[in-house]
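Single-letter residue listing:
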Amino acid sequence: MIAPIERTLASLRTQTALWRKAGETIGVVPTMGALHQGHLSLARAARAECDRVIVTIFVNPKQFNDPDDLKNYPRTEEDDARKLESTGVDLIYVPDPEQIYPDGFATNVSVGGLTDMLCGASRPGHFDGVATVVSKLFLQTAADFAFFGEKDYQQLQIVRRMAADLDIPIEVVGCPTIREEDGLAMSSRNLLLSDRSRVYAPVLAEVMEEMRAQLLDGAALSEIVGDAQARVLAAGFNEIDYLELRDGRDLSLLDRAKPEARLFAAAWLAGVRLIDNMAV
């Protein structure tokens, strides 16, 4: 059975109040739609942990730097609702824009430190948009747990810091990246790849896996990153935004593997920006 869709804050809170009165825990999975198996794995993780599960679908204009990117972002609400049927979610919240940003909305949530590197360096204001909408969704759903994929690891750490700093009573749960059979990290943006580009896309993860093995063998990033970048570009990628080793806790730069280290990458392929990360 397809879960009911609510579009207003009032109707959402009417339902969550009943769950709260019954003493039930609530989990939320914030998404921008165009759902894939990665999103569905988050919904299943929430289902296993919580009495009630809400999946939100909202294409947030405040986290897009390029108007064309916002315009072209996939919107597949009916298909998304059908996909969620197999996960047993209780409610799908698809807020009308005025439910998130009503007339006169003037507040911006900004997380310092974690937002000025990696994706934040090339997408100014992006993570302010993420933090603002996620804080609203946390408060609107009154959820006890929120589930995010580790594929967007920087986002995960920013959301954790935002919730802690604002004393929002919610536990942010990170879930493993889900990959295609050829290793490509699942992403809604993969739908924008042409058939030809899709063939080359897994090379990014392949190169990162080789780098991971070299780092674990004691190599320094500075010794191997040049060859790795050359391989990615030779495979058909147009530009590399970053290919870096960082501490997974505070995202500080590293040159050698250590506990909590993660390898991060972002690269452009035929006009589509792909990101990935993996623990080292």
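Conventions and cut-offs
Residues numbered from 1 in each chain as written. Predicted model: local features only at pLDDT ≥ 70, side-chain atom pairs only at ≥ 80, totals over all residues. Heavy atoms only, no water. Pairing = 2+ DSSP bridges. Helix = DSSP H or I, 4+ residues; strand = E, 2+ residues; numbered from the N terminus. Contact = heavy atoms within 4.5 Å. Axes fitted to C-alpha atoms, helices over the stretch in contact; angles between N-to-C directions. Buried < 20%, exposed > 50% of the residue type's maximum accessible area, 1.4 Å probe, protein only. Right-handed = clockwise from strand over helix to strand, strands pointing away.

**A short note on the sheet that holds strand 4 (residues 91-93)**
Read across the sheet, six strands follow the order 1-4-3-2-5-6 without closing on themselves; strand pairing throughout is parallel. What marks the edges here is a single partner per strand, and that holds for strand 1 (5-6) and strand 6 (171-175). Note that strand 2 (residues 26-31) and strand 3 (residues 52-57) share six bridges and pair parallel. If you follow G27 over to strand 3, its bridge partner there is V53. Contacts from helix 7 (residues 126-141) reach strand 2, strand 3, strand 4, strand 5 (145-149) and strand 6, with the element oriented near 150 degrees to strand 2. Of the strands in this sheet, strand 5 and strand 6 touch helix 8 (residues 153-165), which is tilted by about 170 degrees from strand 6.

**Things to note about the pairing of strand 2**
Both faces of the sheet carry side chains from a regular strand, because those side chains alternate between them. Buried residues dominate strand 2, accounting for six of its six residues. What you see with strand 2 is no split at all: I26, V28 and P30 on one side and G27, V29 and T31 on the other are buried throughout. Since strand 2 and strand 3 lie parallel, the crossover through helix 2 (residues 37-49) that links them has a hand, and here it is right-handed. Summarising the sheet, strand 2 and strand 5 pair through two bridges and their orientation is parallel. Among the inter-strand pairings, G27 is bridged to a residue of strand 5, identified as F145.

**Some words on the sheet that holds strand 10 (residues 272-279)**
Pairing is antiparallel in the open sheet, where four strands are placed in the order 8-7-9-10. Looking at the sheet topology across the chains shown, the edges are occupied by strand 8 (253-254) and strand 10. Bridge count for strand 7 (residues 239-247) against strand 9 (residues 261-269) is eight bridges, and the pairing is antiparallel. Directly across from Y242, in strand 9, lies its bridge partner A266.

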